[in-house]
Number of protein chains: 2
Amino acid sequence: MAASRCLAGDGPADALRGVALDRLDDCRSAGADPELATVLVSDDPADRTFMDRKHDLCAEAGIDTRRIDLPPDATAERVYRTVADLGADPSVTALFVQVPLPEHVDELEVRRRIPPEKDVDCFHPANVGRLVAGDPRVRPVTSRAVERLLDAHDVRIAGRDAVVVGRGTAIGVPLAQLCCRRDATVTVCHSRTRDLGAKTRAADLLVTAAGTPGLIDGSMVSGGVVVVDVSVNRVSGGVVGDVDAASVDEKAAARTPVPGGVGPLTMACLLDNVVAVTADAAGVDDQSR
Amino acid sequence: MAASRCLAGDGPADALRGVALDRLDDCRSAGADPELATVLVSDDPADRTFMDRKHDLCAEAGIDTRRIDLPPDATAERVYRTVADLGADPSVTALFVQVPLPEHVDELEVRRRIPPEKDVDCFHPANVGRLVAGDPRVRPVTSRAVERLLDAHDVRIAGRDAVVVGRGTAIGVPLAQLCCRRDATVTVCHSRTRDLGAKTRAADLLVTAAGTPGLIDGSMVSGGVVVVDVSVNRVSGGVVGDVDAASVDEKAAARTPVPGGVGPLTMACLLDNVVAVTADAAGVDDQSR
């Protein structure tokens with residue numbers, strides 16, 4: 001039991017943070033000072049804690065931030081106006097909006113109000129289009145994090161049978177695109193999928209972003225699979241992913257832990273994207289990669 | 001043998017053409033006259049024949065067209081300039097560029113030069129992004145055609161295990177998006193897929209757009225599958241799809257013929273998109289659907 005290799009994210013996250021901080025210096029030498037603005041529409045303590053971490057991350061790097069938390073019953077118009085105002089503010093160089101949004105807020109209307117050049121999570125439709133067309137201005141942080149984590153641990157993606165659980169525009173779709181771009185055969189599963197276990201057992205690379213604790217147990221995976229658990233579900237006593245670690249580890253070749261797997265790299269990718277959009281807007285050459 | 005149901009495209013294509021012609025009348029009443037410009041970079045007789053059909057289709061509807069065929073060794077700059085010039089011409093309301101382009105021409109550079117509001121095949125990155133985000137300005141003609149064909153024959157998409165063979169940006173990716181949006185579980189296969197037959201045998205909806213005659217034979221499908229053959233491959237004696245019809249029909253519940261399946265609907269969708277972008281640009285209300 002517990003024979004599976006641990007695909008830890010902290011080391012690769014530190015490495016990427018170092019790259020981002022070098023470029024941050026280049027930015028400042030060129031007179032460009034990043035400022036990240038965030039919008040959260042929720043009063044869930046877990047959502048607020050995740051947002052705290054994003055601001056802490058920037059504070060540690062000496063990056064100014066502005067944070068607007070709106071109550072879940074804020075009017076849609078107020079949310080749209082908040083995003084548009086931050087987007088129009090010249091001192092804000094990077095803008096992040098937490099999804100999912102409450103039902104009464106149209107996510108697409110929000111996406112459109114993020115200026116493409118300040119978009120740090122590939123939310124604006126024009127940026128999504130460039131990503132699909134193979135010429136991204138900015139990559140979504142979660143799929144960037146998964147790619148870097150697998151590459152850092154020398155886990156091959158090409159030629160694998162990948163299964164992605166989750167089809168959301170923000171996470172599932174970019175993860176599927178990543179697998180396809182890197183030459184995996186990818187199956188996208190979701191709430192309407194019949195016999196999820198049959199699909200996940202056919203995977204030799206399983207990426208789960210469903211947000212459901214215990215969704216994937218040992219009976220749902222085949223021997224030798226690599227499991228990437230993107231979900232961070234807050235439960236009493238801490239956070240867990242979608243994977244039942246004990247039973248999956250009896251079969252998996254490798255698995256990302258939660259916490260300490262994709263999460264830290266997601267944060268580092270966000271920092272890197274904040275610096276990158278600021279540098280791009282200021283015309284600072286990319287000397288660090 | 002040959003027990004499979006024929007999912008013919010001619011009837012649904014006629015119906016859609018009728019809708020498009022009604023809206024064309026609305027356009028003209030409002031003083032908006034469509035003109036389709038096409039760009040082909042090839043001297044392959046088959047490519048030229050397909051392009052002929054697009055112009056014939058418009059001519060039958062009384063729509064002006066402009067056609068620019070460039071030799072396959074045309075410089076990339078010449079291709080970009082041609083597309084940009086047509087895009088800038090105020091009398092051109094709709095612009096279509098045939099892909100694939102020769103290797104030395106950057107497809108993304110071409111896509112960017114199609115004005116989004118004249119784009120009839122969802123080529124511009126901003127339009128791709130809107131499609132993925134769930135708010136399409138225009139849908140790619142091939143995936144529109146497949147959706148209409150299946151709907152016209154009351155073939156359910158939701159809940160199926162769909163396999164799409166082909167991952168190109170123009171056809172494979174939009175087909176996969178269609179299946180996912182309509183609640184199928186979708187697997188995208190391509191040239192790097194291991195054991196394609198194992199994947200296609202797991203499908204109860206198989207969509208092939210590989211462009212390889214005979215790629216899918218009876219040994220590669222399971223009983224009861226619905227097969228959608230998007231490819232139109234020119235061979236001596238006519239056109240064929242990717243499917244070996246005789247052996248597949250012994251197992252499939254239904255199959256689209258080639259010719260006469262997806263093809264006619266693709267043409268009707270192109271006509272409808274030409275009228276739609278012209279009407280949208282002129283602010284003509286959509287009264288016909």
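What counts and what doesn't
Residues numbered from 1 in each chain as written. Chains lettered and ligands numbered in written order. Predicted model: local features only at pLDDT ≥ 70, side-chain atom pairs only at ≥ 80, totals over all residues. Heavy atoms only, no water. Pairing = 2+ DSSP bridges. Helix = DSSP H or I, 4+ residues; strand = E, 2+ residues; numbered from the N terminus. Axes fitted to C-alpha atoms, helices over the stretch in contact; angles between N-to-C directions. UniProt positions renumbered as here; feature names shortened; annotations may be inferred. Domains from an automatic or database assignment. Contact = heavy atoms within 4.5 Å. Buried area = accessible area lost by both parts, 1.4 Å probe. Salt bridge = Lys/Arg side-chain N within 4 Å of Asp/Glu carboxyl O. Polar contact = N/O pair within 3.5 Å; in protein donor to acceptor, adjacent residues only side chain to side chain.

Here we come to the sheet that holds strand β4 (residues 94–97) of chain B. Hydrogen bonds between backbone groups are what pair the strands of a sheet, and the pairing can be parallel or antiparallel. Residues and elements named next belong to chain B. Here 3 strands make up an open sheet; going across it, the order is β3-β2-β4 and the pairing parallel. Only two strands of the sheet have a single partner each, and these edge strands are β3 (64–70) and β4. The mean angle between the axes of side-by-side strands here comes to 15 degrees, regardless of whether they run parallel or antiparallel. Sheet analysis places strand β2 (residues 35–41) next to β4, joined by 4 bridges and oriented parallel. Bridge pairing links Leu-36 to Ala-94 in β4.

Quick look at the UniProt feature "domain: Tetrahydrofolate dehydrogenase/cyclohydrolase catalytic" (unreviewed entry) in chain A now. When the UniProt feature table is mapped to this numbering, "domain: Tetrahydrofolate dehydrogenase/cyclohydrolase catalytic" (unreviewed entry) covers residues 17–121 of chain A. In residues 17–121 of chain A, helix accounts for 46% and strand for 17%; the two terminal C-alpha atoms are 17 Å from one another.

With that out of the way, let us pick up the domain arrangement of chain A. Interface extent is often summarised as the accessible area lost during association of the parts. Residues and elements named next belong to chain A. Taken domain by domain, chain A holds domain 1 (31–129 + 265–277) and domain 2 (141–261). The C-alpha-based centres of domain 1 and domain 2 are spaced at 26 Å. Listed by partner, the interface residues are 14 residues for domain 1 and 11 residues for domain 2. A combined buried area of about 1100 Å² lies between domain 1 and domain 2, and 65% of that area is made up of carbon and sulfur atoms. It is Phe-50, Leu-265 and Cys-269 that lose the most area in domain 1 upon contact with domain 2, and together they represent 42% of the buried surface on that side. Taken together, the links from domain 1 to domain 2 amount to 1 salt bridge. Two residues, Arg-144 and Asp-272, come together in a salt bridge whose shortest N-O distance is 2.9 Å. Taken together, the connections running from domain 1 to domain 2 amount to 3 residue pairs in polar contact (both at pLDDT 80 or more).

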